[in-house]
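Analysis of the macromolecular model
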Amino acid sequence: MHHTHATNSATDASASHEQLSALMDGECTSQESAELFQALAQTPGWQQTWHDFDTVGCALRAHAQGAAGPLLKPHNVFVQGVMDRLQAEAPSWAPEPLPLAKQQALPEAANDGVFRWKMVASIATMAAVVSVAWQLGGVADPVGSQMAAAPKPVESTVVAVNSSTLQPVQTPQGTMLRNPELEALMAAHRQYGGMTALQMPAGFLRTATFDSSVR
Amino acid sequence: MWQSRAFKQLLLGLYVGLAASTVWAQLPAYPVKDGQPLVLAEWMERLHEAARNRSYTGTFMVQSGSDMAASKIWHVCDGRQQFERIETLTGSPRITLRRNDEVMTFLPERQMVLKERRDALRIFPDFLRTPSQKIETYYQAWRLGRDRVAGVDAEVVDVVPKDGLRHGYRIWSETTTGLVVKLQTRAASGQVLEQVAFTELQLNAPVKTDALARQMSNTKGMRVVQPQITPTQAESHGWRLRADVPGFQAMSTQVRSYGEGQSTLQWIFSDGLASVSLFLQSFDANRHRQEGALADGVMQSMSKRVGDHWVTAMGEVPPETLGLFMQSIQRTR
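The rules behind the values
- Sequence order as written defines the numbering, with residues in each chain counted from 1.
- Lettering of chains starts at A and numbering of ligands starts at 1, both following the order in which they are written.
- A pLDDT threshold of at least 70 governs which residues receive local features in this predicted model, and a stricter bar of 80 or more applies before side-chain atom pairs are shown or counted, although totals over entire chains, interfaces and linings include all residues.
- Only hydrogens and water are set aside when side-chain values are computed; all heavy atoms of the structure are taken into account.
- Strands are runs of DSSP state E lasting at least 2 residues, helices are runs of H or I lasting at least 4, and numbering of each runs from the N terminus.
- Remark: exposure states derive from per-residue accessible area (1.4 Å probe, protein chains only) relative to the maximum for the residue type, with buried under 20%, exposed over 50%, and partly exposed in between.
- Any two residues whose heavy atoms approach within 4.5 Å at even a single point are treated as in contact.
- To measure how exposed things are, a 1.4 Å probe is used in the Shrake-Rupley method; for residues, cover is taken only from the protein chains shown.
- In protein, a polar contact requires one atom able to donate a hydrogen and another able to accept it; more generally it is a pair of N or O atoms within 3.5 Å, and residues adjacent in sequence count only if both atoms are side-chain atoms.
- Only protein atoms enter the 1 Å grid used here. Points where a 1.4 Å probe fits but cannot escape make up a cavity, open sets with protein on both sides within 12 Å along at least five of seven lines make up a pocket, and a residue lines them when an atom lies within 4 Å of a point.
- Grid points are joined across faces, edges and corners, and a volume is the space filled by probe spheres set on the points.
- Under the grouping applied here, Gly and all other residues not named as nonpolar or charged are polar, the nonpolar ones being Ala, Val, Leu, Ile, Met, Phe, Trp, Tyr, Cys and Pro and the charged ones Asp, Glu, Lys and Arg.
- In this description, strands pair whenever DSSP reports at least two bridges between them.
- Each pair of aromatic rings taken from Phe, Tyr and Trp, with Trp reduced to its six-membered ring, is defined by centres within 6.5 Å and is described as stacked if the planes are under 30 degrees apart, edge-to-face if over 60, and tilted in the remaining cases.
- Remark: a charge is flagged as sitting over a ring if the NZ atom of Lys or the CZ atom of Arg is within 6 Å of the ring centre and within 35 degrees of the ring normal.
- Taken from the helix axis, the directions to the C-beta atoms give the arc we talk about.
- One number per residue, pLDDT, summarises how confident the predictor is, and it ranges from 0 to 100.

Moving on to the overall build of chain A. The helix and strand tally for chain A stands at seven helices and three strands. Traced from its N-terminal end to its C-terminal end, chain A shows the element sequence α-α-α-α-β-α-β-β-α-α. Per-residue burial over chain A gives 44% buried out of 215 residues. Partitioning the intrachain contacts of chain A with sequence separation of at least 6 by distance along the chain shows that 57% fall at a separation of at least 24. When the accessible area of chain A is evaluated, it comes to approximately 11000 Å², of which 57% is carbon and sulfur surface.

Encoded structure:
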């Protein structure tokens, strides 16, 4: 019984990986993709698994491209280590095709509209971050220059951080700090401030997916 | 063999075992200069033209910092008008319908529709053609090669910033149409700060413009909310920048009014690929208690008190850039 239970657990884990792989490779239909994402949203830690699959995919494509494809060069040490292990091990199974996850009702998400505003780690870090050089009337004319000069560091001016307006919210990713004022401003920036050439290819899609402005 | 499911699962298992310290940034050292340079403004125009006279449907996901979300999209353009429907697959239900720059956001759970016009959706690509806009001054674009995304072949271009005041971008565009299928915002270190990518895509899908238009007009039973937004000039409200932030042009200013007489002035800047908003408000001790910097994925924000006002700079730029804006903003009266 114990062995069967373990096998079933392994099979369930493989089912998720199998479906993620298909989703990532663009091999799911529109309906399958929608069902998978809705099921994934209920699975704690699925983001990390997605990251892992994407990294593996990049490594595989880079290896397939070889010398002719410098496009995606994964970390050499990582790839070599993986390939060395593969020399010693060979796949010993071929998983059966597995059924799709059933569509599940979406519970109300505790983190809907919550932006993970993260306070800069320390006052010292803050000082380094806002240390910029700005010379009155002395900003370099960028026209004709090869590289616009990076600002030189000066003493910081904004360091104090008061966390009283931050609200802790429990999310699947842990305790996050929520600032409703900043969230509203960020939504306004996404909706009206995204005046860039990237707004139409992708910026608008991003806003429509992550927009938390409406309350 | 490399692409088989079994092989990938084995590889994933080995990866988990090997790479305790492996992080998201397993992509190549940045910038990658193995490709050929190209004219960025022309390339961006091609990306904008890709959606014209095309229809497609697909599923895409957005990764921002540690957050991920997915949506389904239907898009059609008949050469004159663009229609889009975007429906969230994760998080709270939301349907966004767009006709050119007119946007309606349906919130079924709240029986509410938000109706807006988004200027940002119609200023490009004309903006790239204006003499004052020299996007190549601050960014260099390189062709990297080919890749495959959501089952389609894509050409990959790296957009590398020439200074430390802006991030870089890696853009995957479908080889035949130029449709952007994947877009990464990348720090100078190569770290991916944000990614939007299709996971599934059907080009030339039979999407009907009249069907989407009907959906936009169907607000029966829903409360329609239209924000009060007025175009204006920052200078007329007593604000100026002592010096320009390199590469960033003032694009527009608007006043957004709330209830109880409150309003926020939003002064928008762009370098062509990144944008910064300066939010200028009257100081309110009950609301404005936190000076400092915060970050969420690619978005940085910085706030401080300036006399009787509260200034917040926000944008998808390095914090040093916001620092320059904050040091430059000043009252004229």
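Another point: the overall build of chain B. Summing up its helical and strand segments, chain B has five helices and 22 strands in all. With 333 residues in all, chain B has 62% of them scored as buried. Split by element, the accessible area of chain B, about 12800 Å² in all, is 46% carbon and sulfur.

All names here are of chain B. The phi dihedral of Ala-150 falls on the positive side, at around 50°, and the residue is not glycine. Counting through the fold element by element, Ala-150 comes out in the loop between strand E8 (139-149) and strand E9 (152-161). Given the relative accessible area of 6%, Ala-150 is considered buried. Despite not being glycine, Asn-204 shows a phi value in the positive range, around 60°. Assignment of secondary structure puts Asn-204 in the loop between strand E12 (192-203) and helix H4 (209-217). Asn-204 gets classed as exposed once you look at its relative accessible area, which sits at 59%.

Let's shift gears to the environment of Thr-209 of chain A. By the secondary structure assignment, Thr-209 of chain A is in helix H7 (residues 199-210). Judged by relative accessible area, Thr-209 of chain A falls into the buried class, the value being 6%. The sequence separation of Thr-209 of chain A and Tyr-192 of chain A amounts to 17 residues, and the corresponding C-alpha distance is 16 Å. Thr-209 of chain A has contacts with Phe-60, Val-62, Ala-69, Ala-70, Ser-71, Thr-88 and Arg-94 of chain B, leaving out every residue within four places of it along the chain.

The next thing to look at is helix H2 (residues 30-40) of chain A. Because an α-helix completes one turn every 3.6 residues, residues spaced three or four positions apart along the sequence face the same direction. Burial analysis of H2 of chain A places nine of its eleven residues in the buried class, which makes it a mostly covered element. Within the span of H2 of chain A, buried status applies to Ser-30, Ser-33, Ala-34, Glu-35, Leu-36, Phe-37, Gln-38, Ala-39 and Leu-40 of chain A.

This part covers the environment of Arg-117 of chain B. Position of Arg-117 of chain B among the secondary structure elements: in strand E7 (residues 112-117). Spatially, the C-alpha atoms of Arg-117 of chain B and Arg-98 of chain B are 9.5 Å apart, while their sequence positions differ by 19 residues. Aside from chain neighbours lying at most four places away, what touches Arg-117 of chain B is Tyr-192 of chain A together with Asp-101 and Glu-102 of chain B. One polar contact links Arg-117 of chain B to Asp-101 of chain B, side chain to side chain, over a distance of 2.8 Å.

Residue and element names in this part refer to chain A. Scanning all chains against the criterion turns up nine cavities of 30 Å³ or more. Approximately 250 Å³ is the volume attributed to the largest cavity. Here the lining of the largest cavity takes five residues from H7, the largest share from any one element. Grouping the constituent residues of the lining of the largest cavity by class yields seven nonpolar, eight polar and four charged.

This part covers the pairing of strand E18 (residues 275-282) of chain B. Along a regular strand, successive side chains alternate from one face of the sheet to the other. All names here are of chain B. Counting buried residues in E18 gives seven out of eight residues, a clear majority hidden from the surface. Here strand E17 (residues 263-270) pairs with E18 via six bridges, running antiparallel. Across the sheet, residue Leu-265 finds its bridge partner in E18, namely Leu-280. With antiparallel pairing between neighbouring strands as the criterion, E17 and E18 make up a hairpin whose turn holds four residues, including Gly-272 at a positive phi of roughly 105°. Bridge count for E18 against strand E21 (residues 309-315) is seven bridges, and the pairing is antiparallel. Residue pairing for E21: Leu-278 is matched across the bridge by Ala-313.

Moving on, we come to the packing of aromatic side chains. Residue and element names in this part refer to chain B. For the structure on display, the rule yields seven aromatic pairs over all chains. Centre to centre, the rings of Tyr-56 and Phe-198 are 6.3 Å apart; their planes meet at 80°, and the pair counts as edge-to-face. Linking Tyr-56 in strand E2 (residues 55-64) with Phe-198 in strand E12, this pair joins segments that are 142 residues apart in sequence. Residues Tyr-56 and Phe-198 agree in their burial class; the two are buried. Ring centres of Trp-267 and Phe-269 lie 5.0 Å apart, and the angle between their planes is 50°; this geometry places the pair in the tilted category. Of the two residues, Trp-267 and Phe-269, both sit in the buried class. Each residue in the set Phe-248, Trp-267, Phe-269 and Phe-325 is aromatic and connected to the rest through ring pairs, giving one cluster. The ring of Phe-283 carries Arg-305 above its face, with NZ or CZ at 3.7 Å from the centroid.

Within helix H2 (residues 40-49) of chain B, burial applies to Leu-40, Ala-41, Trp-43, Met-44, Leu-47 and His-48 of chain B. An end-on view of H2 of chain B places all buried positions within 160° of arc, on one side of the element.

All names here are of chain A. Mean pLDDT over chain A: 56, with 31% of residues reaching 70 or higher. Per-residue pLDDT, averaged within each element of chain A, yields its smallest value for helix H5 (residues 123-129) (38) and its largest for helix H6 (residues 180-193) (86). Low pLDDT, under 50, characterises residues 67-79; the predicted model gives this stretch 34 contacts beyond four residues in sequence or across chains. Confidence over residues 119-164 falls short of pLDDT 50; this stretch has 72 contacts with residues more than four positions distant or in other chains.

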